[in-house]
Amino acid sequence: MSKGTLFDKVWNLHTVGTLTSGQTQLFIGLHLIHEVTSPQAFAMLRERELKVLFPERTVATVDHIVPTENQARPFADVLAEEMIVALEDNCKAHNIRFYNVGSGRQGIVHVIAPEQGLTQPGMTIACGDSHTSTHGAFGAIAFGIGTSQVRDVLASQTLALSKLKVRKIEVNGTLNPGVYAKDVVLHLIRKLGVNGGVGYAYEYAGTTFEQMSMEERMTVCNMAIEGGARCGYINPDQVTFDYLKGREFAPKGEDWDQAVEWWTSIRSDADAEYDEVVVFDAAEIAPTVTWGITPGQGIGINETIPKPEELSDSDRAIAQEAYRYMKLNPGDRIAGTKVDVCFVGSCTNGRISDLREAAKFAKGRQVAPGIKAFIVPGSEDVKKQAEAEGLDKVFLEAGFEWRESGCSMCLAMNPDKLQGSQISASSSNRNFKGRQGSSEGRTLLMSPAMVVAAAINGVVSDVRDLL
């Protein structure tokens, strides 16, 4: 095994060759597909009379367009029904494993692959979805790709990519009570910028990440893309191995022992060289809320919305646009901002540990009058597990809606949408203008626990007051 970072080792092991463009032709070990970016790619294959080269390395699910209130077929949305039918037909034609609604395995693509043990250390993973960086939590190199690249992977199992630089982001120390992985990644994006990672892979390192569970690590890597990085990863360790052991597609028996030995060998070496290293202190991170229209416009719950003169020249123009769109004033406290809708879910925070933490704060409390609050499990497996633990009853008794699995109000491709200029407290990953379905809708990103605190109080609140 060559020396260096995990990124270098995995990249080199999967290099097929160097193209005339100077790019690397990289073999992709696992290709995840869903209903949104795959129909056009399959159509391109048909036009060229090509087949899927390695169907056994491709796994499909439906997530973006599925309704979360009523999943009876045909879907009420004609376009959504057409998209799921297209995926069903394409998977059948090419013999691709498909986790459809009602299979017991359906869910958000970045939730189901880890929970089934499909995502493993040392892999190269691609998916036609920007938040594919999630899978880097396992020590995989995972890329979000476009539709033409989905075609390329289906046809050749390879991608043409330029090699990235590697920035090591070290966070050390123990997080304070009420501070979560979501706060960590929002803090990092705030400090490094939404374009800070362009051209980089982010290696998240340090004692803070070492103390995190796999699901917390997934939250961090999920939003690497929001900081401009093409991928983000964490070196595999015992936490990784304990999570994977026994899952359906994880190695078994002697193969397991050999896999762990190899997974350990691909960790970044102690003397690995990085293009850049930045270090942060976990104790300085507070519950964080976005106030603007990019994930980098975030502040601690006790801070005020920054004034133009406090910002750099490059940040000032987008801040002026954010003040207008969000209808928030510089110098105002973010705490106390009225909300209309509270959403817990998404590929960032729709896993079982997210729902457990949210339920701790919902238990014995009531959603404030006039607030629409709902919980969307990230997969059918997560929903089943939550119901077995009675979490659904906790949420329902508190006044939350309990939904079926799907992407839901992370993006405007299903019936879950904001209306008019409603403000949403959201555990998702993007607060772009119109992202949650209304051209005037406003999104405040925060942790699931903070979303529950907002739902209970009807305003943006410090979850630590509920501890």
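Residues numbered from 1 in each chain as written. Predicted model: local features only at pLDDT ≥ 70, side-chain atom pairs only at ≥ 80, totals over all residues. Heavy atoms only, no water.

Identification of the chain as 3-isopropylmalate dehydratase large subunit from Laspinema olomoucense D3b is taken from an unreviewed UniProt entry. Under the heading Function (unreviewed entry), UniProt records this for the chain: "Catalyzes the isomerization between 2-isopropylmalate and 3-isopropylmalate, via the formation of 2-isopropylmaleate." Taken directly from UniProt, the Sequence similarities (unreviewed entry) text for the chain runs: "Belongs to the aconitase/IPM isomerase family. LeuC type 1 subfamily." (UniProt positions renumbered as here; feature names shortened; annotations may be inferred.)

### A few points about unusual backbone geometry
In this structure, the amide linkage connecting Arg-73 to the following residue, Pro-74, adopts the cis form with an omega of -5 degrees. Residues other than glycine seldom take positive phi values, yet Glu-49 does so here, at roughly 55 degrees. Of note, Glu-49 is situated in the loop between α2 (39-47) and β4 (58-61). A positive phi angle, near 60 degrees, is found at Lys-327, a position not held by glycine. Relative to the helices and strands, Lys-327 is located in the loop between α11 (313-326) and β15 (341-344). (Helix = DSSP H or I, 4+ residues; strand = E, 2+ residues; numbered from the N terminus.)

### Digging into a negative patch on the surface
Negative charge collects at one region of the surface, where Glu-254, Asp-255, Asp-257 and Glu-261 lie side by side. Within the fold, Glu-254 resides in helix α10 (residues 254-265). In this structure Glu-254 comes out as exposed when scored by relative accessible area, which is 64%. (Patch = residues over 30% accessible without salt bridge, like charges linked within 9 Å, V, L, I, M, F, W, Y side chains within 5 Å. Areas by Shrake-Rupley, 256 points an atom, 1.4 Å probe, with all protein chains shown as cover. Salt bridge = Lys/Arg side-chain N within 4 Å of Asp/Glu carboxyl O. Lys, Arg positive; Asp, Glu negative; His and termini not counted. Charge placed at Lys NZ, Arg CZ, Asp CG, Glu CD. Buried < 20%, exposed > 50% of the residue type's maximum accessible area, 1.4 Å probe, protein only.)

### Some remarks on the sheet that holds strand β5 (residues 97-99)
Across the sheet, which stays open at both edges, the 5 strands sit in the order β5-β4-β3-β6-β7 with parallel pairing between neighbours. At either margin of the open sheet sits one strand with a lone partner, and together these are β5 and β7 (141-144). When strand polarity is set aside, the average angle formed by the axes of neighbouring strands in this sheet is 20 degrees. Taken together, the 4 bridges between strand β6 (residues 124-127) and β7 define a ladder with parallel strand orientation. Each bridged residue has a counterpart across the sheet, and for Ile-125 the counterpart in β7 is Ala-142. (Pairing = 2+ DSSP bridges. Axes fitted to C-alpha atoms, helices over the stretch in contact; angles between N-to-C directions.)

### A short note on the pattern of salt bridges
Within the structure shown, the criterion is met by 23 salt bridges. Several salt bridges converge on common partners, so that one network encompasses Lys-372, Glu-401, Arg-403 and Asp-416.

### Focus on the packing of α2 against helix α5 (residues 147-156)
Their axes nearest at 8 Å, the elements α2 and α5 cross at an angle of 55 degrees. Considering their axes alone, α2 and α5 lie oblique with respect to each other. Every pair of crossing elements has a handedness; the one defined by α2 and α5 is right-handed. Packed against α2, whose contacting residues are Gln-40, Ala-41, Phe-42, Met-44 and Leu-45, the element α5 presents Thr-147, Val-150, Arg-151, Leu-154 and Ala-155 at the interface. Grouping the amino acids of the contact of α2 with α5 by side-chain chemistry returns 7 nonpolar, 2 polar and 1 charged. (Parallel < 35°, antiparallel > 145°, perpendicular 65-115°, else oblique. Left-handed = near helix turned anticlockwise from the far one by under 90°. Contact = heavy atoms within 4.5 Å. Nonpolar A, V, L, I, M, F, W, Y, C, P; charged D, E, K, R; others polar.)

### Some words on the pairing of strand β19 (residues 442-445)
The side chains of a regular strand alternate between the sheet's two faces. Judged by which residues are buried, β19 turns out to be covered on both faces: Arg-442 and Leu-444 on one side and Thr-443 and Leu-445 on the other are all buried. In this sheet, β19 lies alongside strand β18 (residues 423-426) in parallel orientation, the contact comprising 4 bridges. When the bridges of β19 are listed, Ser-426 appears paired with Leu-445.

### Details of the packing of aromatic side chains
Per the stated rule, a full pass over the model turns up 12 aromatic pairs. Relative to Phe-54, the ring of Phe-27 lies with its centre 6.3 Å away and its plane at 70 degrees, an arrangement referred to as edge-to-face. With a gap of 27 residues between them, Phe-27 in strand β2 (residues 24-27) and Phe-54 in the loop between α2 and β4 connect regions that are remote in the sequence. For Phe-27, a relative accessible area of 21% translates into the label partly exposed. For Phe-54, a relative accessible area of 29% translates into the label partly exposed. Aromatic side chains Trp-256 and Trp-263 sit 5.5 Å apart centroid to centroid with 85 degrees between the ring planes, which places their arrangement in the edge-to-face category. (Phe/Tyr/Trp six-rings, centres within 6.5 Å; stacked < 30°, edge-to-face > 60°.)

### Some words on the UniProt feature "binding site: [4Fe-4S] cluster" (unreviewed entry) in the chain
According to UniProt, the "binding site: [4Fe-4S] cluster" (unreviewed entry) feature falls on Cys-347, Cys-407 and Cys-410. The largest pairwise C-alpha distance within this set of annotated residues, which runs over 64 residues, is 8.7 Å, so the set is compact in three dimensions. Looking at the secondary structure, you find Cys-407 in the loop between β17 (401-402) and β18. Not counting the four nearest positions on each side in its chain, Cys-407 is found in contact with Asp-63, His-64, Ile-108, Phe-343 and Asn-414. Locating Cys-410 in the fold gives a position in the loop between β17 and β18. If near-sequence neighbours (up to four positions away) are discounted, Cys-410 is found in contact with Phe-343, Ser-346, Ser-428, Asn-429, Arg-435 and Gln-436.

### A word on the state of the cysteines
Tallying each qualifying case throughout the model produces 0 disulfides. Cys-342 takes part in no disulfide bond, and the closest cysteine sulfur, belonging to Cys-410, lies 16 Å away. Unpaired in terms of disulfides, Cys-410 finds its nearest cysteine sulfur in Cys-347, a separation of 5.8 Å. (Disulfide = S-S within 2.5 Å.)

### A word on the layout of surface pockets
Quantified by volume, the largest pocket comes out at close to 430 Å³. Broken down by secondary-structure element, the contributors of at least two residues to the lining of the largest pocket are α6 (181-192), β14 (298-300) and α11. The greatest single-element share of the lining of the largest pocket, amounting to 4 residues, is contributed by α11. Of the residues contributing to the lining of the largest pocket, the split by class is 9 nonpolar, 7 polar and 5 charged. Considering only enclosed or pocket space, the second largest pocket measures out at about 290 Å³ in volume. (1 Å grid on protein atoms, 1.4 Å probe; cavity = no way out; pocket = protein on both sides within 12 Å on 5 of 7 lines; lining within 4 Å. Points joined across faces, edges and corners; volume = space filled by probe spheres on them.)

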